[in-house]
Amino acid sequence: MQKCAENERIFADRVQVYYMRLVQWITFMNSDNLKDSDLMINNLGFMVQRSKLITIGIKLATEIKRTLKQYLLLYEVNGKAVP
């Protein structure tokens, strides 16, 4: 039982880290430097920076999905209801 409580605490900590990373990513995506405009068509640097941020967002979403899936599967295996 103590191991289960420890795993839940670790999961909660991971969720908190993901939340902070997600907020930071959203802030970067919404920054004035990355706003869509007519100038972005001719600015290769804009496109490179924007594509890197999109890639980071996809990786972050994949990490969050895997963590949540692992959490749900562990609860299923242990016969507990997901809170």
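Residues numbered from 1 in each chain as written. Predicted model: local features only at pLDDT ≥ 70, side-chain atom pairs only at ≥ 80, totals over all residues. Heavy atoms only, no water.

Counting secondary structure elements, the protein contains two helices and zero strands. Every one of the 83 residues in the protein was classed for burial, and the buried ones make up 16%. A separation of at least 24 residues holds for 56% of the contacts in the protein among residues at least 6 apart in sequence. Within the structure as shown, the protein displays about 6,900 Å² of accessible surface, and the carbon and sulfur contribution to it stands at 62%. (Helix = DSSP H or I, 4+ residues; strand = E, 2+ residues; numbered from the N terminus. Buried < 20%, exposed > 50% of the residue type's maximum accessible area, 1.4 Å probe, protein only. Contact = heavy atoms within 4.5 Å. Areas by Shrake-Rupley, 256 points an atom, 1.4 Å probe, with all protein chains shown as cover.)

Taken together, Tyr-19, Met-20 and Val-23 make up a surface patch of nonpolar side chains, about 300 Å² in accessible area. Summarising the element assignment, Tyr-19 is placed in helix α1 (residues 2–29). (Patch = residues over 30% accessible without salt bridge, like charges linked within 9 Å, V, L, I, M, F, W, Y side chains within 5 Å. Salt bridge = Lys/Arg side-chain N within 4 Å of Asp/Glu carboxyl O.)

Here the focus is the side chain of Thr-67. Within the secondary structure, Thr-67 sits in helix α2 (residues 44–77). In contact with Thr-67, not counting residues within four places along its chain, are Phe-11, Arg-14 and Tyr-18.

What follows covers the packing of aromatic side chains. Taken as a whole and assessed by the stated rule, the structure comprises one aromatic pair. Between the aromatic rings of Phe-11 and Tyr-71, the centroid separation amounts to 3.9 Å while the plane-to-plane angle is 10°, which identifies the pairing as stacked. A residue pair is termed long-range when its members are at least 10 positions apart, and Phe-11 in helix α1 and Tyr-71 in helix α2 qualify at 60 residues. Taking relative accessible area as the criterion, Phe-11 reaches 18% and is therefore assigned buried. Residue Tyr-71 is classed as buried on the basis of its relative accessible area of 14%. (Phe/Tyr/Trp six-rings, centres within 6.5 Å; stacked < 30°, edge-to-face > 60°.)

Here α2 is 34 residues long and its end C-alpha atoms lie 49 Å apart, about the 50 Å a rise of 1.5 Å per residue gives. Of all the residues in α2, the buried ones are Phe-46, Arg-50, Leu-53, Gly-57, Leu-60, Thr-67, Tyr-71 and Tyr-75. (Expected span 1.5 Å × (residues − 1).)

Nothing here speaks to function; it is geometry throughout.
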